[in-house]
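The chain contents come next:
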Amino acid sequence: MITIDQARGIIAAGEARAQEIGVSVNITVLDAGAHLKAFSRMDGAVLGSIDLAMGKARTAVLFQTTSEAVWEYCKPGAPAHALELSNGGLTPFAGGIPLFARNGTVLGAVGVSGGAVPQDLEIAQAAAAAVA
């Protein structure tokens, strides 16, 4: 189970990296059941990205892989084309990372949105590293 202290640390690490690269983002931390544990909308973050940050985290925790890895299964011509339409809708592009305990148990996921997709990924990686 992800603790509130862990979730706050994840958010703080993500915000710190976002500030370093000069982008305002939304950061979502979900628990292993894909329920909201913590959220941050930095000043100036795009409102439309709130749902995207949550969707990226949800995609990552449901499939226990990065959100962008799910695209390989659902893109046109892939084995599970239109998979992104399942589970109430997935967000299969970079910025969602599953969080694991040292023993390999899924703790939850972090999702970031508000910058360019590569920026979201960079911030999400910094945020996820706070779990280690």
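Refer to the structure above for everything that follows.
The structure displayed is predicted, hence computed values, not measured ones.

## Regarding helix α1 (residues 4-21)
When the terminal C-alpha atoms of α1 are compared, their 26 Å separation across 18 residues agrees well with the 26 Å that a helix rising 1.5 Å per residue should span. Residues of α1 that are buried include every one of A7, I10, I11, G14 and A18, and no others. On an axial view of α1, the arc spanned by its buried residues comes to 95°, and they lie on one face. Facing away from the buried side of α1 by more than 90 degrees, the exposed set consists of D5, R8, Q19 and E20. Against the buried residues of α1 lie β1 (26-31), β2 (36-41), β3 (96-100), β4 (106-113) and α4 (117-128).

## Observations concerning unusual backbone geometry
In this model, A34 sits at a positive phi of 70°, which is unusual for a non-glycine residue. By secondary structure assignment, the location of A34 is in the loop between β1 and β2. Within the chain, A82 stands out as a residue other than glycine whose phi angle is a positive 75°. Assignment of secondary structure puts A82 in the loop between α3 (67-74) and β3. A relative accessible area of 26% means that A82 is categorised as partly exposed.

## Side note on the environment of T28
Considering the arrangement of structural elements, one finds T28 in strand β1. With a relative accessible area of 0%, T28 lands in the buried category. Sequence-wise, T28 and V112 are 84 residues apart; in three dimensions their C-alpha atoms are separated by 6.5 Å. When near neighbours in sequence (up to four residues on either side) are disregarded, T28 contacts L36, A38, F39, A53, M54, A57, A109, V110 and G111.

## Digging into the sheet that holds β3
With antiparallel pairing, the four strands of this open sheet are ordered in space as β2-β1-β4-β3. Of all the strands in the sheet, just β2 and β3 have a single pairing partner and so form its edges. Averaged over all pairs of adjacent strands, the angle between strand axes in this sheet comes to 15°, irrespective of strand direction. Of the strand pairs in this sheet, β1 and β2 are connected by five bridges, and their pairing is antiparallel. Following the sheet pairing, T28 is matched in β2 by F39. Strands in contact with α4 are β3 and β4; relative to β4, the strand with the most contacts, it is inclined by about 150°.

## Remarks on the nonpolar core
Judged by nonpolar contacts, the single largest core of 23 residues is most densely connected at I10, V25, V29, L99, V110 and V112. The set of elements that each furnish at least two residues to this core consists of α1, β1, β3, β4 and α4. Looking at this core, the element that brings in the most residues is α4, giving five residues. Leave out the neighbours within four places in its chain, and V29 touches I2, A7, I10, I11, H35, L36, K37, A38, L99, A109 and V110. By size, the runner-up hydrophobic cluster in this structure holds seven residues, among which are L30, A34, A57 and A109.

Cut-offs applied
Residues numbered from 1 in each chain as written. Predicted model: local features only at pLDDT ≥ 70, side-chain atom pairs only at ≥ 80, totals over all residues. Heavy atoms only, no water. Helix = DSSP H or I, 4+ residues; strand = E, 2+ residues; numbered from the N terminus. Expected span 1.5 Å × (residues − 1). Buried < 20%, exposed > 50% of the residue type's maximum accessible area, 1.4 Å probe, protein only. Arc of directions from axis to C-beta. Contact = heavy atoms within 4.5 Å. Pairing = 2+ DSSP bridges. Axes fitted to C-alpha atoms, helices over the stretch in contact; angles between N-to-C directions. Core = buried A, V, L, I, M, F, W, Y, C linked by side-chain atoms within 4.5 Å.

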